Amino acid sequence: MSVRALVVDPSASAAVRLTEVADPVPGPGQVLVAVSHASLNHGDLNDARSGRVPTGAVLGSDAAGVVVQAAADGSGPAVGTRVVALTAGAFAERIAVDVGALAEVPRGLDSAWAVALPVAGVAALRSLRAAGLGPGKRVLVTGASGGVGRFAVQLAARAGAHVIASVGSAARGRGLTDLGASEVLIGLDGLQQPVDVVIDSVGGPQLVAAWDLLSAGGSVQSVGWTSGEPAVFAPYATVGPAKSLTSFVVEGEVGADLAALAESAAAGSLAVEIGWQGSWDRFDEAAKALRERRVAGKAVLDVAAG
């Protein structure tokens, strides 16, 4: 049997094409999920063009759907359970998922909203945790209108931080105050006081400027690089009171964090914004909108199961 999937193809317009691949065979600690929705991230677009995901391999990390085959070892959710997962090769009609990589979707939370949580939500939660988030901290979130950014603003504000949201335009900043931002800035214009934490998804010159604003003992978490521009530090920029610039990637089992995020979203204490939604047949359109920064929040793909 075969399933439809979005695979890497450098000859395609968006380096991705919809085709058929072999039906996955789950291992002992995996469930088989029939996918209803997937979520597109900037990292997926980079994976397709950078060679990190080989030609012909299924792309994607975020998926939501229903368990159609339980794990053979008895772990994980039962058949019929709605789940959301963070797993490689997520953009397919059926996927085999480690039980530690998924969480049950709570009643009342639409799967299209749940699928926005894995990469963006877990990255926001864990990067803030790694940076030492706490009440009264001054937290700068760059690219704050994007998926990671909007979740980071909310989670930092909920922890009692003073949140500064940096966006590319006034239009991109709409709604961030309602999510908990104390300040909304275009770029870093007007920001002069030091910050304790930076969650950066832009990279390039803005990363350099954010580093210069970081207080002693502070932390920059580099969670993305949507600018595609190099970051050039002036001589001696890294000499002085101790502070850190840390690379970031989501590693290890995510089930517990994903479950906590899903529960918060279901309860209404964590807002999910979908800025683009459509059939996965329109992948090129979604990718173009994401690259051109026309998506506030997340881009969600509706997967038509075969």
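In this text, all values refer to a predicted model and were calculated from it rather than measured experimentally.

Reading the values: rules and limits
- Residues numbered from 1 in each chain as written.
- Predicted model: local features only at pLDDT ≥ 70, side-chain atom pairs only at ≥ 80, totals over all residues.
- Heavy atoms only, no water.
- Core = buried A, V, L, I, M, F, W, Y, C linked by side-chain atoms within 4.5 Å.
- Buried < 20%, exposed > 50% of the residue type's maximum accessible area, 1.4 Å probe, protein only.
- Helix = DSSP H or I, 4+ residues; strand = E, 2+ residues; numbered from the N terminus.
- Contact = heavy atoms within 4.5 Å.
- Pairing = 2+ DSSP bridges.
- Axes fitted to C-alpha atoms, helices over the stretch in contact; angles between N-to-C directions.
- Right-handed = clockwise from strand over helix to strand, strands pointing away.

## Considerations on the nonpolar core
Ranked by size, the top nonpolar core spans 45 residues in total, and within it L117 and V153 carry the most contacts. Taken together, the elements giving at least two residues each to this core come down to β5 (82-86), α2 (111-114), α3 (118-131), β8 (138-141), α4 (147-158), β9 (162-167), β11 (195-200) and α6 (255-267). When residues in this core are grouped by element, the largest group, seven residues, is from α3. Residue contacts for L117: discarding those within four places in its chain leaves L109, V122, F151, L258, L261, A262, A265, L270 and V272. Among the nonpolar cores identified, the runner-up in size contains 41 residues, and A14, V16, A92 and F283 belong to it.

## Quick notes on the sheet that holds β8
The six strands lie next to each other as β10-β9-β8-β11-β12-β13, forming an open sheet whose pairing is parallel. Single-partner strands in this sheet number two, and they are β10 (183-186) and β13 (244-247). Averaged over all pairs of adjacent strands, the angle between strand axes in this sheet comes to 20°, irrespective of strand direction. Alignment of β8 against β9, held across four bridges, turns out to be parallel. Within β9, the residue paired with R138 across the bridge is H162.

## Details of the pairing of β9
Extensive coverage of β9 is indicated by the burial of five of its six residues. With respect to chirality, the unit in which β8 leads through α4 into the neighbouring parallel β9 is right-handed. Pairing of β9 with β10, which is carried by four bridges, proceeds in the parallel orientation. Within β10, the residue paired with I164 across the bridge is E183.

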